[in-house]
There are 4 protein chains.
Amino acid sequence: MDIEPRKQGRQARAKATASDIVEAAARILEGERMDTLTTNRIAERAGVSIGSLYQYFPNKEAILASLVRRERSNLLADVQRIAAGAAGTAAKIDALIDAGLEHQFARPRLALQLEYIEQTLDIGPEAQELATRLADTITDIVRAHAPHADRNAARDIVAICHAIINTAAITGETDTKGLRQRLQRAVYGYLGESNCGYRKAD
Amino acid sequence: MDIEPRKQGRQARAKATASDIVEAAARILEGERMDTLTTNRIAERAGVSIGSLYQYFPNKEAILASLVRRERSNLLADVQRIAAGAAGTAAKIDALIDAGLEHQFARPRLALQLEYIEQTLDIGPEAQELATRLADTITDIVRAHAPHADRNAARDIVAICHAIINTAAITGETDTKGLRQRLQRAVYGYLGESNCGYRKAD
Amino acid sequence: MDIEPRKQGRQARAKATASDIVEAAARILEGERMDTLTTNRIAERAGVSIGSLYQYFPNKEAILASLVRRERSNLLADVQRIAAGAAGTAAKIDALIDAGLEHQFARPRLALQLEYIEQTLDIGPEAQELATRLADTITDIVRAHAPHADRNAARDIVAICHAIINTAAITGETDTKGLRQRLQRAVYGYLGESNCGYRKAD
Amino acid sequence: MDIEPRKQGRQARAKATASDIVEAAARILEGERMDTLTTNRIAERAGVSIGSLYQYFPNKEAILASLVRRERSNLLADVQRIAAGAAGTAAKIDALIDAGLEHQFARPRLALQLEYIEQTLDIGPEAQELATRLADTITDIVRAHAPHADRNAARDIVAICHAIINTAAITGETDTKGLRQRLQRAVYGYLGESNCGYRKAD
DNA sequence: AATGAATGAGCCTTCATTCAT
DNA sequence: CATGAATGAAGGCTCATTCAT
């Protein structure tokens, strides 16, 4: 199944339409029951006709793939910026936590749904690569800080953060500060450091 | 939407058929693409006619709700047994970890899918209650061990374990022993205890 | 694309439905504009719901393939009966002409449309084989009568008959007798025999 | 349905565009699967925007009607030239055969497709008239040569030639010479003359 | 009860056609 | 006039669910 977007229209209007469609899909994932994620509904929420939708995407999956790509590359950009930064390893890990927090907390329902969709979707190779690069970059940072950590550890840490943030988001927590502290507890705890009085969050 | 199984013949045969249907759904969730989870396919795998299926369940969601309930109550039973036991608080927490590990690792794909389905489903109040009871029991155990832990902490711990186990299951890990250790690291780490050389796994 | 019918239901009702559907397609081909040959219309004319139609055929093409097969095998049966008969070669050719006449004249519009559809369709291997067998059998008969005739000649003769009958049918001729004479003129003429006073038609 | 090309600028450029569009349709009919004969594809192959296409033709059918008309009037011109010529009746019939051969063999797939389209299309009155004039002219020639031949006979002859040529074209024959001989056999055979050693092809 | 044929709302997608730029 | 983005009716097909046997 072709999963690539169809054309990046040369008129400005076209580019806007394509991303309107993707955003509409995101909004539906966030706010409605998953079974309303139909192409017709997407078109409707994008304020576009169904015909237009299919001028930009060859099928429903392509829309979702675009959405996944969009989110993923945003996060990857942040993470790479952190990795490339001059900060110390602990500071980088904190920054990583913050990045994850921002990303998932910005639109938690969306993040959650996308996680599921990614598994279901036969994601394109490009998105696949984004995922790998993301994982690698994070692994590098973690191992720079905690040399004894292996790939599993890095994966665990990412999973742990995901899980905690999701749970918090779903139960409607709003106290980002407390949440960040718990994330640090979890991560540094897992990495084997006492995190009592470890650092002043800010 | 009605989600209860259809009350009827308490005969052994009827009960068996109903649970055959539920188990068929489980097997499909485990082994096939999610879009093959159709009522006709469920009936087929259960070795029942589609007509019969609808004699036992008023609709598809009811089957899934039953499945969720089945899994949940299994876990709840284990957890309650642990809670009621005479072991020390740390041993209880370890037992909790083991219970979770067993549950999710017995049929990891199923566990993963159900997690998603639970969110999608308009879970019945009974299942809702199971969830609450489960959370409460776990919270009690955790707080008995770590008095400073609040509800959030208990939730976080459950989420952490879920996440690590899922990730492990997805990536095809089989080393249950190593996994248990990492779970303990994560939990005790989060709870703020150094877990270096803390205890002999068994 | 799968082109085979889906199930030959074990209940009598089922078998009837499947052939009702095929016949409905035939009727539409005969009597309506080709662009009304939609699965919905077929179902409607068959007096069946669209859902039922798709229980018997996996897609539109399969219905048409069944129809082609039905017509072809009817004709093939006739032709093989003729080939196997004890009649003289000339009588066999006459019988062939009559068979063709009957077949195409019974439902001329249908015959015409099917001819076109056959080319368009990726006909299944079975139907393909029917066609080959048909052509071979006819070739054999023709060459038995006119040894100098090659494959082209046999093909030409079939084409000639098709064409004449179609034209006649389309322009609404009803004089089968006269038509048969013209067909004989054409065939025997092509085969190089004087056909003046050649034989008494009956 | 309006089937006429849109009257407009008689400028050379306009005329060229219109015939580019018609020719693009022809090329698609020849070289691609019939279901790619979409207006957008036609415009694309004509090197015109879809908007422009609709400036020249009110709808898709009008394009095809123009194409049919183009082919028909070409043939009609040839046939009328033959009819008006000074040659003997037999020579005229031969010329007729050659004309048909050239026409259909020049672009056999196109000829075949158009034949089908003509039936499907609600051909405009003008094209209808072309067909009639064509048939009449041919009938005249045939009857001049074979006075006993009636309208049916002329129709049959045309049909016969069509059919043989089509069959040859479909099966990929390239031996025009042999084909011409078979056509003559068929025609003269049908008209009741022995065609053995009848005439030297050229 | 069990069976499985039948149902039809609704999904994805295409394509002829229009219209703002 | 040309362009190409936008439109939406309509087609193929699925699947949860019903109902006659």
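- Under the annotation held in an unreviewed UniProt entry, chain A carries the name TetR/AcrR family transcriptional regulator and is attributed to Thalassovita aquimarina.

A few points about the protein's contact with DNA strand E
Argument step 1. Around DNA strand E there are 38 residues in total, and A:Tyr54, C:Lys7, C:Gly51, C:Tyr56 and D:Thr39 lie nearest to it.
Argument step 2. Sugar and phosphate atoms form 62% of the subset of DNA strand E atoms that lie within 4 Å of the protein.
Argument step 3. At 2.4 Å, a side-chain N or O of A:Tyr54 approaches a phosphate oxygen of DNA strand E.
Argument step 4. One nitrogen or oxygen atom from the main chain of D:Thr39 is found 2.7 Å from a phosphate oxygen belonging to DNA strand E.
Argument step 5. Looking at the surface near DNA strand E, the elements that each hand over two or more residues are α2 (39–46) and α3 (50–56) of chain A, α3 (50–56) of chain B, α1 (12–31) and α3 (50–56) of chain C together with α2 (39–46) and α3 (50–56) of chain D.

Section: the nonpolar core
Inside soluble globular proteins, nonpolar side chains tend to come together where they are buried.
Argument step 1. Grouped together as the largest cluster of nonpolar side chains are 62 residues, with contacts concentrated most on A:Leu191 and B:Leu191.
Argument step 2. Per element, the largest residue contribution to this core is eight residues, and it comes from helix α8 (residues 151–170) of chain A.
Argument step 3. In this view, A:Leu191 contacts A:Ile93, A:Val142, A:His145, A:Ala146, A:His148, A:Ala149, A:Ile157 and B:Arg185; residues no more than four positions away in its chain are not counted.
Argument step 4. Counting residues in each nonpolar core, the second largest holds 61 residues, with C:Ile157, D:Leu75, D:Ile97 and D:Leu130 among its members.

Describing the interface of chain D and chain C
Argument step 1. Opposite the 28 residues of chain D that make contact, chain C presents 26 residues.
Argument step 2. Here chain D meets chain C over a buried area of about 2300 Å², counting both sides, of which 53% is carbon and sulfur.
Argument step 3. By the criterion of area lost to chain C, the three top residues of chain D are D:Tyr116, D:Arg185 and D:Tyr190, representing 24% of everything that side buries.
Argument step 4. In this assembly, chain D and chain C are joined by three salt bridges.
Argument step 5. For the pair chain D and chain C, the interface holds five residue pairs in polar contact (both at pLDDT 80 or more).
Argument step 6. Listing elements by their share of the side of chain D that touches chain C, those giving two or more residues are α6 (108–120), α8 (151–170) and α9 (176–191) of chain D.
Argument step 7. Split by residue class, the side of chain D that touches chain C holds twelve nonpolar, ten polar and six charged.

A short note on helix α9 (residues 176–191) of chain A
Argument step 1. With 16 residues, α9(A) extends 22 Å between its outermost C-alpha atoms, agreeing within 8% with the 22 Å of an ideal straight helix rising 1.5 Å per residue.
Argument step 2. Residues A:Leu179, A:Arg180, A:Arg182, A:Leu183, A:Gln184, A:Ala186, A:Val187, A:Tyr188, A:Gly189, A:Tyr190 and A:Leu191 constitute the buried set of α9(A).
Argument step 3. Where α9(A) is buried, its residues contact α5 (89–106), α7 (125–145) and α8 of chain A together with α8 (151–170) and α9 (176–191) of chain B.

Some words on the relation of the copies chain A and chain B
What relates the two chain copies is a rotation about an axis together with a slide along it.
Argument step 1. Expressed as a screw transformation, the operator carrying chain A onto chain B has a rotation angle of 178° and an axial translation of 0.0 Å, and the superposed copies differ by an RMSD of 0.4 Å. This pairing of chains is accounted for by a two-fold axis. The position closest to the rotation axis in chain A is occupied by the C-alpha of A:Gly189, lying 1.7 Å away.

Some words on the relation of the copies chain D and chain C
Argument step 1. With an RMSD of 0.4 Å, the operation that places chain D on chain C is a rotation of 178° combined with a shift of 0.1 Å along the axis.
Argument step 2. A high fraction, 89%, of the interface residues of chain D reappear at the interface in chain C, so the copies pair face to face through one surface.

Thresholds applied
Residues numbered from 1 in each chain as written. Chains lettered and ligands numbered in written order. Predicted model: local features only at pLDDT ≥ 70, side-chain atom pairs only at ≥ 80, totals over all residues. Heavy atoms only, no water. Near = heavy atom within 4 Å. Polar contact = N/O pair within 3.5 Å; in protein donor to acceptor, adjacent residues only side chain to side chain. Helix = DSSP H or I, 4+ residues; strand = E, 2+ residues; numbered from the N terminus. Core = buried A, V, L, I, M, F, W, Y, C linked by side-chain atoms within 4.5 Å. Buried < 20%, exposed > 50% of the residue type's maximum accessible area, 1.4 Å probe, protein only. Contact = heavy atoms within 4.5 Å. Buried area = accessible area lost by both parts, 1.4 Å probe. Salt bridge = Lys/Arg side-chain N within 4 Å of Asp/Glu carboxyl O. Nonpolar A, V, L, I, M, F, W, Y, C, P; charged D, E, K, R; others polar. Expected span 1.5 Å × (residues − 1). Least-squares fit on C-alpha atoms with pLDDT ≥ 70 in both.

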